[in-house]
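Given next are the chains, with one letter for each unit.
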Amino acid sequence: MKRSPFVEFFDSGRPDAARIGGKGASLCRLTGHGHRVPPGFVITVDAFVHACEALGLGEAAKILDRSLAGSGDIARLGGQASTALAASRIPKTVLAPIEAAVRRVGLWRDNTQGVIVRSSATVEDGAAHSFAGIFESIPITTPDQLEPTIREVWSSVFSPRALTYFREVGLTQVPTMAVVVQRFLHAERSGVMFTSFSGRTLVEHVEGDCEKLVKGEVTPEQLWIDGPGRDPGASGLLKPAHARELSRLAATLEAEFGGPQDVEWVVWENEVHVVQSRPITTPAAQASGSTTVDLSGLEPILTGTPASGGFGAGAVHLVHNIEQALAILKGQVLVTPMTNPDMVVAMRQSAAIVTDVGGMICHAAIVSRELGLPCVVGTAKATTILRQGDLVTVAGTAGKVFRGKLEIVQAAPARPCEWADLWAIWTESTTGKADVPLVSSVDALTAMPAGFPTVVIAPDIDLRCGPTGLWVDLEGMSAHEADAVLADYVARLSRVARERSLQRLIVRPGAGLPRSRLADAVRRAGPPLAFADDSAAPRAIALGSAAADAAAAPAVSGMPEAEAAALDTIKFFGHQPGSSIGPMPDPERRVGWWTLLPEYGRFHREAGTPAERGEHTWLEVRPELVISALLKSLVQPGFEMVPRVMGFRDLPPMHIKWIKCRYNFRSDTFAGVWRALVRATWDGGYMADLMRRVRRSYQQLGEVLLLFPTTDAELAAVSPERMVALITSWWPRWVEFFALCWFIQAQGDDIIYPFLEETVRDNVRRLAGRTTAFVWPGAPDLVAPTTPVMSGEYMASVARVREALVAAGLMTRDAALDALERKEHPEVAARVAEHLKNWHWMRDRDLLFEPWDTPARVIETALRTEPHSGANYEANLRRNRLALSVHGDLAQAAGRADGLHHAARFLHDLNVERENHHVLWLKYSYPLRRLFVEVERRLVAAGSLTQGDIFFMQAPELIEAAGRLPAPLAPDLVTTIRNRRKAFRHEARLVRVGEAELVREDDYY
């Protein structure tokens, strides 16, 4: 066939990436080197350019290039190009040689596999950027689909997603697009291979086609090889011949392409075929070199909890209020007493985060892990030691902060421990073939080497850990649902046991599982599965415990001693709290609350609170940076109702009062609650019920909100009587929601995580005698994010708005608002509208809890927020299960295995629910906040208040005022409100006020 400028075949001698794109050139080189590559050809960039010219898009492309380099509307111009391509056919001069190439290669002849049409842009799959997921690759099954599919792949270069990415990475011209047309092979097994990852080769593979792996829809099996070309050893579900071929390919491809490669491959007709090889540029591969700092000989200026790993260095930016948070510059270190949802955007701008208070599941810790930011919490004194502009280095992994900007280098750390490592150690350490391995996850079986006729499995981790890492509540399910979960798991066990050629897989559950139902499911499955009660159980050695130094006895004691240690209330504070001696708050000031909340009042009367007198010790818990008198009066009943709501029936209210925007617990009532909370945390039945009640409280609060006005007109028409009814119906549900959710942070931060950390630290000490080429899992692996929290979803929505703004060239708030007013950018308008629909209740610059629901705020926030990658939930979940398995096995020696499983089982639930509570309170208070603003509007009209004053009324005062509208407020109350507001602004460091100017008010200032 005569060569055409529009087609190039894979057997080309010296491929030109400028003509056939990065992917096309790679496939041609692979074919030229003799690798098995599914047959096909490349439609060159000349065909793309010729077709665009024929369709009159040449001038439009030039304008688009100029817009890309400047601030023009690339989304609109790209949309015009895409529309033109969709409305036309490829010119015959271009299409004819493509059709001839299809016939020459025989893509449809004697083939039912179909064809895949793949992008191959000139910038794609190079050493600088991979552009993974930016362009289209589309499988087709009939010849008539080819022509429109080529145009669809061409159009992907003009998509808003692609154009935004071009602008973000600094490209000033739209790349030209070649297209690969290739036989599609329905794989028996497929995967990806990083030829050099932490000094080894990493292979991840799944059954069938690779698309579900690339999209993260399934958990792949992993195979680690000690370097390209080395013997892969045990290969799990991958056939040994295929594993050896991949190892050989890794060495060959690195030599041929001059560096580490990211390889996609498939097994078809029992042979390994390469479908892509590109230089490693992906974040997963970059993890093989991490940022490290030599800390030897350095004294930290601050030490706290290592909440999120990594290193960050920069100038300190002190934050005591939201205005200061939003003034942060990119690359500064955010230092604050604590964070809250208002600060998420500011946190994203920072190089690292340091807080005075908090633990492993406080807001700062959770969001930092979600965003991949170094974070140290609970330093106690960061905001008093550090000054604005100080240069510091934050070692998130170590939980330390150092003076100065330390030298940061890229180094390749030891790789993380994998299941195959545990099998290798078990084989070396056990006494003989009579020993039977005990594994605690089906994941371990997939990496098991050949030669084990019998294995015992403890299914507790698998059955209690769902696909997102959250606890599986089998007891809370119906019998039908629970049986379905057990049947699915047993079917998986049976399948893996057969694949691994096991003669017997003995299921030995712990005490916390429904044994009889699990036994029935195992018996129905039949051999090679057996239940532990069905036969004499063989002597089994836990896979993880085989690695421990037999001479190193545990230094920690069992569960009774661990529980007793947790009773130390100092763990709650993280340091010696401030204390003061003072009287109970005046009961007369509380009687309004007790009247409005009957259950609350009854609780206090039962405990004799109105009659209590005398001086008491009050412990200062922490500062609340932005808590107005109104919010304080709404949450205080939640604190005091904690014993009743949490089910501690014999305890009195946990008395609190407020001193200068800081809440203080009465020492004796707090101590009683703490003792009850510690004991309840280690009670499996109690914790399961607690999590059910937490989630039910969301639903109950949401149901109350259905009563509230939804439009401005309805809000303006609501009567004073209905205002009072709405507030008093919302408040009791809020008290329960708040009380349940507040103390789950204490459980996670101050009871569960310290226990996990102490246990894991001792386990690692007992492993220290074994020289390894990998890193043992640590306590942070047990809290790595495995499921998105709402803060992360919010940031993803903000990112989508930013993407649309950047694509349209709207780089300022005013330019964007003007364009929206002229209805020039429907894509931007749609993204902003979608964000407002889903997140109109979310606060940003909401110092006084005013609703945040305007396009201007959305646009300003989006433009201030840098793009970021979310957490790798699948990888974290694999690490989490491995860590729990290893440390659960090792903790048997200390009598802590059951406690470790219990603690880790609930830690993720507490982590997720606490962070979601931070955000959900904004959602569930939004209609109420709008109602407050309406009350304020009417009081302003009556001459009583100015805008913002409403938030410095306490709830009983506001409810009484709402019921009396349109009557004005009493003058003495107006004076009190303005004093509170002045004190609040002083404490939040928005203004400086002399102490003499402030009137001291009991329980507020």
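Structure's up top.
Each chain has its residues counted from 1, following the order in which its sequence is written. With pLDDT at 70 or above as the cut-off, local features in this predicted model cover only qualifying residues; side-chain atom pairs require 80 or more to be listed or tallied, and sums for whole chains, interfaces and linings still use all residues. Values reported for side chains reflect all heavy atoms of the structure, with hydrogen atoms and water molecules removed beforehand.

**Q** Quick one: what's the story with the overall build of the protein, residue by residue and with numbers?
**A** Counting its secondary structure elements, the protein contains 37 helices and 31 strands. A total of 1005 residues make up the protein; the buried ones form 58% of that total. Residue burial considers only the protein chains on display, and all accessible areas are found by Shrake-Rupley using a 1.4 Å probe. Carbon and sulfur atoms make up 53% of the accessible area of the protein, which totals about 39100 Å². A run of H or I in DSSP becomes a helix once it reaches four residues, and a run of E becomes a strand once it reaches two; helices and strands are each numbered from the N terminus. Per-residue accessibility, obtained with a 1.4 Å probe over protein chains only, is compared with the maximum for each type, and a residue is labelled buried under 20%, exposed over 50%, and partly exposed between these values.

**Q** Provide a residue-level description of the packing of aromatic side chains, including the pertinent values.
**A** When the centres of two rings from Phe, Tyr and Trp lie within 6.5 Å, Trp using its six-membered ring, the rings pair. Their planes under 30 degrees apart give stacked, over 60 give edge-to-face, and anything left gives tilted. By the definition in use, this model includes 25 aromatic pairs. An angle of 55° between the planes, with centres 6.1 Å apart, marks the rings of Phe9 and Phe41 as tilted. Remark: Phe41 occurs in strand β2 (residues 40–43) and Phe9 occurs in strand β1 (residues 7–9); sequence separation between them is 32 residues. Considering the side-chain rings of Phe639 and Phe665, the 6.1 Å spacing of their centres and the 65° angle between planes classify their relative orientation as edge-to-face. One end of the pair, Phe639, is in helix α24 (residues 629–640); the other, Phe665, is in strand β30 (residues 662–666), and 26 residues separate them in sequence. Of the residues examined, Phe639 reaches a relative accessible area of 2% and is grouped as buried. Charge over a ring is defined by NZ of Lys or CZ of Arg lying within 6 Å of the ring centre and within 35 degrees of the ring normal. The side chain of Arg104 reaches across the aromatic face of Phe9, ending 4.0 Å from its centre. Its guanidinium or amino end placed over the ring of Trp921, Arg929 lies 6.0 Å from that ring's centre, counting from NZ or CZ.

**Q** I'd love a proper account of the environment of Asp65, names of residues and values included.
**A** Structurally, Asp65 is set in helix α3 (residues 58–69). The spacing of Asp65 and Leu171 is 106 residues in sequence and 9.3 Å in space, taken between C-alpha atoms. Here a residue-residue contact requires only that any non-hydrogen atoms of the pair lie within 4.5 Å. Filtering out sequence-adjacent residues up to four positions away, Asp65 remains in contact with Thr172, Gln173 and Val174.

**Q** Explain the sheet that holds β1 residue by residue, including any values.
**A** Spatial ordering of the open sheet is given by β1-β2-β5-β3-β4, a layout of five strands whose pairing is antiparallel. Strand pairing shows two members of the sheet lacking a second neighbour, β1 and β4 (137–140), which therefore form its edges. Averaged over all pairs of adjacent strands, the angle between strand axes in this sheet comes to 25°, irrespective of strand direction. For two strands to be treated as a pair, DSSP must find no fewer than two bridges joining them. As defined by bridge partners, β1 adjoins β2 across three bridges and the pair is classed as antiparallel. Residue pairing in the sheet places Glu8 in a bridge with Val42 of β2. Axis angles are defined between N-to-C directions and span 0 to 180 degrees, where every axis is a line fitted to C-alpha atoms and, for a helix, only to the segment in contact.

**Q** Would you mind going over helix α18 (residues 479–499) in detail, with residue names and values included?
**A** The periodicity of an α-helix, 3.6 residues per turn, causes residues three or four positions apart to be oriented the same way. Counted at 1.5 Å a residue, the expected span for α18 with its 21 residues is 30 Å, and the 30 Å between its end C-alpha atoms agrees. Turning to α18, its buried residues are Ala482, Leu486, Tyr489, Val490, Leu493, Ser494, Val496 and Ala497. Looking at the buried residues of α18, the elements they touch are α16 (442–446), β23 (454–457), α17 (460–464), β24 (504–507), α19 (515–525) and β25 (529–531). Taken from the residues just after α18, Ser501 is the one with a positive phi, measuring 60°. Helix span, as expected, comes to 1.5 Å for every residue beyond the first.

**Q** I'd like to hear about the pattern of salt bridges, residue by residue, with values.
**A** Two side chains of opposite charge can pair, provided their charged atoms sit close to one another. Note on definitions: salt bridges are taken to be side-chain nitrogens of Lys or Arg within 4 Å of carboxyl oxygens of Asp or Glu. Summed over the entire model, instances satisfying the criterion amount to 38 salt bridges. Asp949 serves as the salt-bridge partner of Arg978, at 3.8 Å between the closest nitrogen and oxygen. On the criterion of sequence distance, the pair formed by Arg978 in helix α37 (residues 971–987) and Asp949 in the loop between α35 (897–941) and α36 (955–964) is long-range, its members being 29 residues apart. Overall, Asp949 belongs to the buried group, its relative accessible area being 2%. Between Arg981 and Asp949 there is a salt bridge, with its nearest N and O atoms 3.1 Å apart. Placement of Arg981 in helix α37 and of Asp949 in the loop between α35 and α36 is noted, with a sequence separation of 32 residues between them.

**Q** An account of the sheet that holds strand β18 (residues 391–395) is requested, with residue identities and associated values reported.
**A** A sheet is described by the order of its strands in space; here eight strands give the open sequence β12-β19-β18-β14-β15-β16-β17-β13, paired in mixed fashion. Every interior strand has two partners, whereas the edge strands, β12 (302–303) and β13 (305–308), have only one. Both strand β15 (residues 333–336) and strand β16 (residues 352–355) contribute to a ladder of four bridges, which runs parallel. Its bridge partner lying in β16, Leu334 is registered against Ile353. Set on the sheet, helix α13 (residues 363–371) makes contact with β13, β16 and β17 (375–377); between it and β17 the angle comes to about 170°.

**Q** So, the nonpolar core: which residues are in play, and what are the values?
**A** One broad trend across soluble globular proteins is that nonpolar side chains are buried collectively. We define the nonpolar core as a collection of buried residues of types Ala, Val, Leu, Ile, Met, Phe, Trp, Tyr and Cys that are connected through side-chain atoms lying within 4.5 Å of one another. The biggest cluster of nonpolar side chains holds 158 residues, and the ones touching the most others in it are Trp730, Trp731, Trp734, Phe743 and Met953. The biggest single contributor to this core is helix α29 (residues 720–767), with 22 residues.

**Q** Just give me the short version of helix α9 (residues 240–257), but keep the residues and values in it.
**A** In this model α9 runs 25 Å from its N-terminal to its C-terminal C-alpha over 18 residues, within 8% of the 26 Å that 1.5 Å per residue would give. Among the residues of α9, His242, Ala243, Glu245, Leu246, Ser247, Leu249, Ala250, Leu253 and Glu254 are the ones counted as buried. Following α9 by one or two positions, Gly258 has its phi on the positive side, about 80°.

**Q** Give a detailed account of the packing of α29 against α36, specifying residues and quantitative values.
**A** With their axes 7 Å apart at the nearest point, α29 and α36 run at an angle of 155° to one another. Judged by the inter-axis angle, α29 sits roughly antiparallel to α36. Residues Pro720, Met723, Val724, Ile727, Thr728 and Trp731 of α29 pack against Ala955, Pro956, Leu958, Ile959, Ala962 and Gly963 of α36. Amino acids outside the nonpolar list (Ala, Val, Leu, Ile, Met, Phe, Trp, Tyr, Cys, Pro) and the charged list (Asp, Glu, Lys, Arg) are all regarded as polar, and Gly is one of them. Residues that form the contact of α29 with α36 fall into these classes: ten nonpolar, two polar and no charged. Should an angle lie under 35 degrees it is considered roughly parallel, over 145 roughly antiparallel, and from 65 to 115 roughly perpendicular; all remaining angles are considered oblique.

**Q** Go over the pairing of strand β8 (residues 221–225), please, and point to the residues and values.
**A** Here β8 lies mainly inside the structure; five of its five residues are buried. Burial along β8 is two-sided: the residues Glu221, Leu223 and Ile225 and Gln222 and Trp224 are all buried. Bridge count between strand β7 (residues 200–207) and β8: five bridges; the pairing is antiparallel. Looking at β8, one finds that Leu202 is bridged to Trp224.

**Q** So what's going on with unusual backbone geometry? Which residues, and what values?
**A** Cis peptide bonds are those with omega within 30 degrees of zero, and the linkage from Pro527 to Pro528 qualifies with 5°. Note that Pro528 resides in the loop between α19 and β25. Cis rather than trans, the peptide bond between Leu965 and Pro966 has omega equal to 10°. Locating Pro966 in the fold gives a position in the loop between α36 and α37. Even without being glycine, Asn270 reaches a positive phi, approximately 65°. Despite not being glycine, Ala380 shows a phi value in the positive range, around 75°. Tracing the backbone through its elements, the reader meets Ala380 in the loop between β17 and α14 (382–385). A residue is classified by how much of its surface remains accessible, and Ala380, at 36% relative accessible area, is partly exposed.

**Q** Break down the side chain of Asn664 for me, with residues and values.
**A** Structurally, the position occupied by Asn664 is in strand β30. The exposure class assigned to Asn664 is buried, which follows from its relative accessible area of 3%. Not counting the four nearest positions on each side in its chain, Asn664 is found in contact with Trp618, Leu619, Glu620, His655, Ile656, Lys657 and Ile659.

**Q** Break down the pairing of β4 for me, citing the residues and quoting the values.
**A** Residues of β4 alternate between two faces, with Ile138 and Ile140 buried on one and Ser137 and Pro139 left unburied on the opposite face. Pairing of strand β3 (residues 115–121) with β4 involves four bridges; the strand directions are antiparallel. When the sheet's bridge partners are listed, Ile116 is paired in β4 with Pro139.

**Q** How would you sum up the environment of Trp674? Please name residues and give values.
**A** Relative to the helices and strands, Trp674 resides in helix α26 (residues 667–681). C-alpha separation for the pair Trp674 and Phe743, spaced 69 residues apart in sequence, amounts to 9.8 Å. Nitrogen and oxygen atoms within 3.5 Å of one another constitute a polar contact, given that in protein one can donate a hydrogen and the other can accept it, and given that sequence-neighbouring residues count only through two side-chain atoms. Only 2.9 Å separates the side chain of Trp674 from the backbone oxygen of Ala566, close enough to count as a polar contact.

**Q** Explain the state of the cysteines residue by residue, including any values.
**A** Structurally, a disulfide amounts to a covalent bond that connects the sulfur atoms of two cysteines. Cysteine sulfur pairs qualify as disulfides if the two atoms are within 2.5 Å. Applying the stated criterion to the full structure yields zero disulfides. Residue Cys375 stays outside any disulfide, its sulfur separated by 6.4 Å from that of Cys362, the closest cysteine. A residue is classified by how much of its surface remains accessible, and Cys375, at 0% relative accessible area, is buried.

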